[in-house]
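Reading the structure
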Amino acid sequence: MTTPLEAIKKKRAESVNRILEKGYLADFRVYVGMATCEIAAGSADVMKVFVDAINSKELTNVYLSQKGCAGRCNLEPTVEVVESGKSPVKYGKVTQERAKEIIERHIKNGEVIKDWVID
Amino acid sequence: MKEFIITICNGTTCVNKGAHRLQEVLKEKLEKAGLTEKVKINISGCLGMCDKGPMMIVYPGYTIYGGITEEDVSEIVEEHIINNRPIARLAVQEEKLFNRFFRIFGDTEFFGKQLRIALRNCGIIDPENIDDYIALRGYEALAEILTNKTPQEVVDEVKKSGLRGRGGGGFPTGTKWQFTANEESDLKYVVCNADEGDPGAFMDRSAIEGDPHTVLEGMAIGGYAIGASKGIVYIRAEYPLAIKRLEKAIKAARENDFLGKNILGSDFSFDIEIRLGAGAFVCGEETALIHSIEGRRGTPRPRPPYPAVSGLFGKPTLINNVETFANIPVIILDGGGWFSTVGTEKSKGTKVFALAGKIHNTGLIEVPMGTTLREIVYDIGGGLPNGKEFKAIQTGGPSGGCLPVEYLDTPIDYESLAKAGSIMGSGGMIVIDEDSCMVDIAKFFLQFTQDESCGKCTPCREGTKRMFEILTRITEGKGKAGDIEKLERLGNMIKKASLCGLGQSAPNPVLSTIKNFREEYEEHINEKKCRAGVCKALVGYTITDNCVGCGACKRVCPVGAIEGTKKEKHIIDSNKCIKCGACIDTCKFNAIVKS
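The model shown is predicted, which means the values in this text are computed figures rather than measured ones.

1. Some thoughts on the overall build of chain B
- When helices and strands are counted, chain B shows 24 helices and 17 strands.
- Here the C-alpha atoms of chain B give a radius of gyration of 27 Å, agreeing with the 25 Å that 2.2 N^0.38 yields for 595 residues.
- Principal-axis analysis of the C-alpha atoms gives chain B an extent of 85 × 70 × 40 Å.
- Burial statistics for chain B: of 595 residues in total, 55% are counted as buried.
- A fraction of 71% describes how many contacts in chain B between residues 6 or more apart in sequence connect residues 24 or more apart.

2. Comments concerning the pairing of strand E7 (residues 271-277) of chain B
All names here are of chain B.
- Where strand E6 (residues 230-236) and E7 come together, 7 bridges link them in parallel fashion. Bridged to Ile235 within E7 is Leu276.
- Once you follow E6 into helix H12 (residues 240-255) and on to E7, the crossover reads as right-handed.

3. Considering helix H10 (residues 203-210) of chain B
- For H10(B), the tally of buried residues reaches 8 of 8 residues, placing the bulk of the element in the interior.
- Met203(B), Asp204(B), Arg205(B), Ser206(B), Ala207(B), Ile208(B), Glu209(B) and Gly210(B) are the residues of H10(B) that are buried.

4. Brief notes about the domain arrangement of chain B
All names here are of chain B.
- Here the domain parsing of chain B yields domain 1 (4-108), domain 2 (130-338), domain 3 (350-433), domain 4 (438-527) and domain 5 (540-594).
- Each of domain 2 and domain 3 has a C-alpha centre, and these two points are 27 Å apart.
- At the interface, 15 residues of domain 2 touch 17 residues of domain 3.

5. Here we look at the sheet that holds strand E3 (residues 56-59) of chain B
All names here are of chain B.
- The 4 strands lie next to each other as E2-E1-E3-E4, forming an open sheet whose pairing is mixed. Looking at strand neighbours, the two that pair on one side only are strand E2 (39-44) and strand E4 (63-65), the edges of this open sheet. When strand polarity is set aside, the average angle formed by the axes of neighbouring strands in this sheet is 20 degrees.
- Pairing analysis gives 3 bridges linking E3 to E4, with the strands arranged antiparallel. Each bridged residue has a counterpart across the sheet, and for Val58 the counterpart in E4 is Thr63.
- Where helix H2 (residues 19-32) meets the sheet, it contacts strand E1 (4-9) and E2, and its direction lies at approximately 160 degrees from that of E1.

6. Section: the sheet that holds E6(B)
Residue and element names in this part refer to chain B.
- With parallel pairing, 4 strands are arranged side by side in an open sheet as E7-E6-E5-E8. Every other strand in the sheet has two partners, leaving E7 and strand E8 (317-321) as the edge strands with one partner each. Put simply, the sheet's adjacent strands are angled 20 degrees from each other on average, direction ignored.
- Contacts from helix H11 (residues 212-226) reach strand E5 (189-194), E6, E7 and E8 within the one sheet, and its direction differs from that of E5 by about 150 degrees.

7. Some thoughts on the environment of Gly223(B)
- Tracing the sequence through the fold places Gly223(B) in helix H11.
- Along the primary structure Gly223(B) and Asp379(B) are separated by 156 residues, whereas in three dimensions their C-alpha atoms are 39 Å apart.

8. Things to note about helix H20 (residues 483-497) of chain B
All names here are of chain B.
- Helix length check: H20, at 15 residues, gives a terminal C-alpha distance of 21 Å against a target of 21 Å (1.5 Å per residue), a fit within 8%.
- Three or more residues of H20 are buried, namely Leu487, Leu490, Gly491 and Ile494. One side of H20 carries all its buried residues, which in axial view fall inside an arc of 105 degrees. In H20, the exposed positions angled more than 90 degrees off the buried face are occupied by Glu485, Arg489, Asn492 and Lys496.
- Looking at the buried side of H20, the elements it contacts are helix H19 (458-475), helix H21 (501-505) and helix H22 (508-527).

9. Some thoughts on the environment of Ile274(B)
Residue and element names in this part refer to chain B.
- Tracing the sequence through the fold places Ile274 in strand E7.
- Using a count of 16 C-beta atoms within 10 Å as the deciding quantity, one classes Ile274 as partly exposed.
- Each C-alpha atom of the pair Ile274 and Ile592 lies 55 Å from the other, and the pair is 318 residues apart in sequence.

10. Comments concerning the environment of Ile235(B)
Residue and element names in this part refer to chain B.
- By secondary structure assignment, the location of Ile235 is in strand E6.
- Looking at Ile235, the number of C-beta atoms within 10 Å reads 23, which means it is buried.
- Measuring from C-alpha to C-alpha, the distance between Ile235 and Ala591 comes to 51 Å, with 356 residues separating the pair along the chain.
- Excluding anything up to four places from it in sequence, Ile235 contacts Ala194, Asp195, Ala242, Ile243, Leu246, Ile274, Leu276 and Gly277.

The rules behind these values
- Residues numbered from 1 in each chain as written.
- Chains lettered and ligands numbered in written order.
- Predicted model: local features only at pLDDT ≥ 70, side-chain atom pairs only at ≥ 80, totals over all residues.
- Helix = DSSP H or I, 4+ residues; strand = E, 2+ residues; numbered from the N terminus.
- Rg over C-alpha atoms; globule rule 2.2 N^0.38 Å.
- Buried ≥ 20, exposed ≤ 12 C-beta atoms within 10 Å, placed from the backbone.
- Contact = placed C-beta atoms within 7 Å.
- Pairing = 2+ DSSP bridges.
- Right-handed = clockwise from strand over helix to strand, strands pointing away.
- Domains from an automatic or database assignment.
- Axes fitted to C-alpha atoms, helices over the stretch in contact; angles between N-to-C directions.
- Expected span 1.5 Å × (residues − 1).
- Arc of directions from axis to C-beta.

Okay, here's the thing in structure tokens:
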């Protein structure tokens, strides 16, 4: 009989597989804050920009996910861009316009837009 | 942006092991190598790796160096920073659950100085996808206890951790679990109190919205420990997104065999449902909360019997706060022994605060117990904006108190805050600057509590109302000699005679502001003066000689209280003036002052 601990290990392997299948190992992972506070600050619009860019195939090889609130209230909405092998870049006060620029300049052309980075 | 960020732990253990000296050496070495532009040093609070101290973390890459000496610092600067070759020999592996957060957020000043245990997953996982939680060892703590621990061993582990209730009371969690476990009953309940009601506080909402599964897992572990088969999350209906995510999480947990019958093939069965509260502040009090779940009027009752003996539907009930449950999986996986290394002697672990008010970096923070208020306000919060003077910090919401500048070095733990005249509370923290009137602040909180008083007991129902009337009178310039003493007498009486925590703590904002800012009350009453210029009845607006007669103020005045001909000094008719401040905001010559 499998113990609960063996069961959870099996489940974890399955979960990790499902996450990988969703493209977790893409060149870029983008996380958009989607808690009540972030949404009130406009993050749903920001999310839409990324979703549209992926659906229209403008962006390929990007793993997009929502996340809860990390706690940086006055800089919301926040977006993290994680590129494999590099420091995760955290953007604050992201609007639809900024999101478009992040796609254009950062994700497509590798430029970290320093003015918007939370440090 | 700097190329490297080095975080040095400045927690007590690391400091005892020589962290201060290492900070100096690091600074010297960096200056000598001309690297100060390239490297930023971040001095953090306890990072929860005391056994490996003194320690530093180098970003990017999240390389943790532990047990370092002065020579090691030189080597780190030369090898890691200059040659960009991390030193495997000095690097330590740290598998604690909180690490994940710092891999992503640790290189920022705001987050790098925190320690995230309860909020370890908030902001890094998709809260609506159970796979994200499982991948980060989610539900492993539950599986671990079902496989290897008896219920009593779980209770013992929680006792060993020293965890205390995060809802504000600070009752030792392990002891509460023990009491509930000791009761013999065919049915027991686990209740999660998510009825967060302090104005400006949002710890529970963020925790549930960011990582709902950890709360469910903590509850299931509690259920196993005390022998309960049923759990209820009591959450207010004003949190629709948190409720939606909880519902989704409960459904996913059932599908994955983490809730329901024979969890993960064991003999343990436990399920959770959600009950919505209508948003009454008093329902955060445990007996009122129980009444509300039972479908009765949300009013408290005298204790004992405590809910551990006779709670929901008369059955033994374990009630803990959201944050308390969120700590449980960590205590099981990383150990109660480890948990107890973080914090102070009597207050272990971390506390989440909602930092708000007149401060640069507003936000949700989690810091080790023992962090001082000064570190929170100036290091994490970044100080006050617009060069304003710090006046007070309000902790504990409407049940807490206002602490002035002399208390800034108070370490955050249950006892120290109580001794200073405030409380830990559930985690509201509001910074107040010189532009705020302390009488007005006290009035604000009292208005809230007298409004939320359930009316069951007389001291709270009548007393808070009378106090509010006196405060209103004072702020309207109608204060009388003896009002302060009357407030003190009423306040102390209400504290002693009220039935529940709401009334017992409602006078705190008033009593603490009288204690620490008595002169402001006296000015209001005797001199009819409000030094912050907040109480409208006590403030007059006058135009000084700086006035050039541009007429801008005259045009914006909504009641036509300003008169004057062009290019000549204008005057304000104080009888008409409603003190809205529109003229001050408009004047470009700073010619209008409050007096």
